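Residues per chain are reported as follows:
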Amino acid sequence: MSHNSEISKAERRRLAIASATLGPWRAAAAVGGLGGGVALAFGAIDDGIGLGMLAGALSVALMLFFMVGGAGAVLGGGPSAAGAADTDRRIRRWAAAHPWRVAAVPGALMVAADVVVRQVLTSQGFFGSLWEGLWRGALVVGVVGVVGRVSRGRR
C-alpha cells in the first residue's frame with residue numbers, strides 16, 4: 001500500500017473516506033456547536049434574529065465541525081476498536097501519508113452541507129450559495145491539509 005500506482009482511483013477514494021471517518025467527530029460536534037452558538041449570539045447582537053443570520057451561524061458551525069474532524073483524522077492517534085486495530089492503523093498510516101486526499105472529504109462535505117443550508121434558510125440563489133460553500137470548503141481543505149502535512153513532517 002506504499003505506492004500510489006498499486007492502488008486504483010476507486011480504492012484511493014475509499015481509503016480517503018475511511019480515513020476521514022476515523023476523525024474525532026464527537027469532539028468536532030462539540031467545537032462546531034460551541035462556535036455556531038457564539039456566531040449566533042454575535043449575529044443576534046449585531047443584526048438581530050433572522051434566517052440569514054441563522055444560516056451564517058450554521059455555516060460557521062459546519063466549518064468548525066469539518067475542520068476539527070478532518071484535522072483529527074489526518075493526525076490520527078485516537079482510540080480504535082479492539083477488533084479493527086490493525087485495519088485502523090493501516091488506514092491512519094495511509095491518511096498521514098496522503099493528508100490532501102483525506103482533506104478533500106470533509107471539504108466536499110462542507111460544500112454540500114453549506115449549499116443545502118443556504119438554499120433552505122435563505123433566498124440566496126443557487127450560484128451564490130455554491131460560491132459561499134466553495135470558498136468555505138476550500139478553507140476546510142486548506143486547514144486540514146496543512147495540519148496533516150505539518151504533522152507528517154514532524155513524524
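In case you missed it, the structure is sitting above this.
Residues numbered from 1 in each chain as written. Predicted model: local features only at pLDDT ≥ 70, side-chain atom pairs only at ≥ 80, totals over all residues. Heavy atoms only, no water.

1. A few points about the overall build of the protein chain
For clarity, the cut-off: Secondary structure elements are taken from DSSP: a helix is a run of H or I of four residues or more, a strand is a run of E of two residues or more, and numbering for both begins at the N terminus. A 1.4 Å probe rolled over the protein chains alone gives each residue an accessible area, and that area as a share of the maximum for its type sets the label: buried under 20%, exposed over 50%, partly exposed in between. What makes two residues a contact is simply this: any of their non-hydrogen atoms within 4.5 Å. Calculation of accessible area relied on Shrake-Rupley with a 1.4 Å probe; when residues are assessed, cover is drawn exclusively from the protein chains displayed.
Across its full length, the protein chain holds six helices and zero strands. Ordered by position in the sequence, the α and β elements of the protein chain form the string α-α-α-α-α-α. The buried share of the protein chain, reckoned over its 155 residues, is 37%. Sequence separation of 24 or more characterises 75% of the internal contacts of the protein chain that already satisfy a separation of 6 or more. For the protein chain, the accessible area works out to roughly 8600 Å², and carbon and sulfur atoms hold 67% of it.

2. Side note on the packing of helix α1 (residues 9-21) against helix α5 (residues 99-121)
Stated formally: Lines fitted to the C-alpha atoms define the axes, with helices restricted to the stretch that makes contact. Angles between their N-to-C directions range from 0 to 180 degrees. Orientation is classified from the angle alone, with under 35 degrees giving roughly parallel, over 145 giving roughly antiparallel, 65 to 115 giving roughly perpendicular, and any other angle giving oblique. The crossing is said to be left-handed when, going from far helix to near helix, the turn is anticlockwise and less than a right angle, and right-handed when the turn is clockwise.
One way to put it is that α1 packs onto α5 with a least axis distance of 8 Å and a crossing angle of 70°. When the axes of α1 and α5 are compared, the pair comes out roughly perpendicular. Here α1 runs over α5; the crossing is right-handed. Contacts from R12, A16, I17, S19 and A20 in α1 reach R101, V102, V105 and P106 in α5.

3. Thoughts on the environment of D88
Within the secondary structure, D88 sits in helix α4 (residues 85-97). Classification of D88 by relative accessible area gives buried; the value is 11%.

4. Some details on the side chain of S129
Inclusion rule: Counting of polar contacts relies on pairs of N or O atoms within 3.5 Å, with two restrictions inside protein: one atom must be capable of donating a hydrogen and the other of accepting it, and residues adjacent in sequence are counted only when both atoms are side-chain atoms.
With respect to the element layout, S129 can be found in helix α6 (residues 126-154). Owing to a relative accessible area of 0%, S129 belongs among the buried residues under this scheme. Separated by 2.8 Å, the side chains of S129 and Q119 make a polar contact. With sequence-adjacent residues up to four places away left out, S129 is seen in contact with V115, R118, Q119 and Q124.

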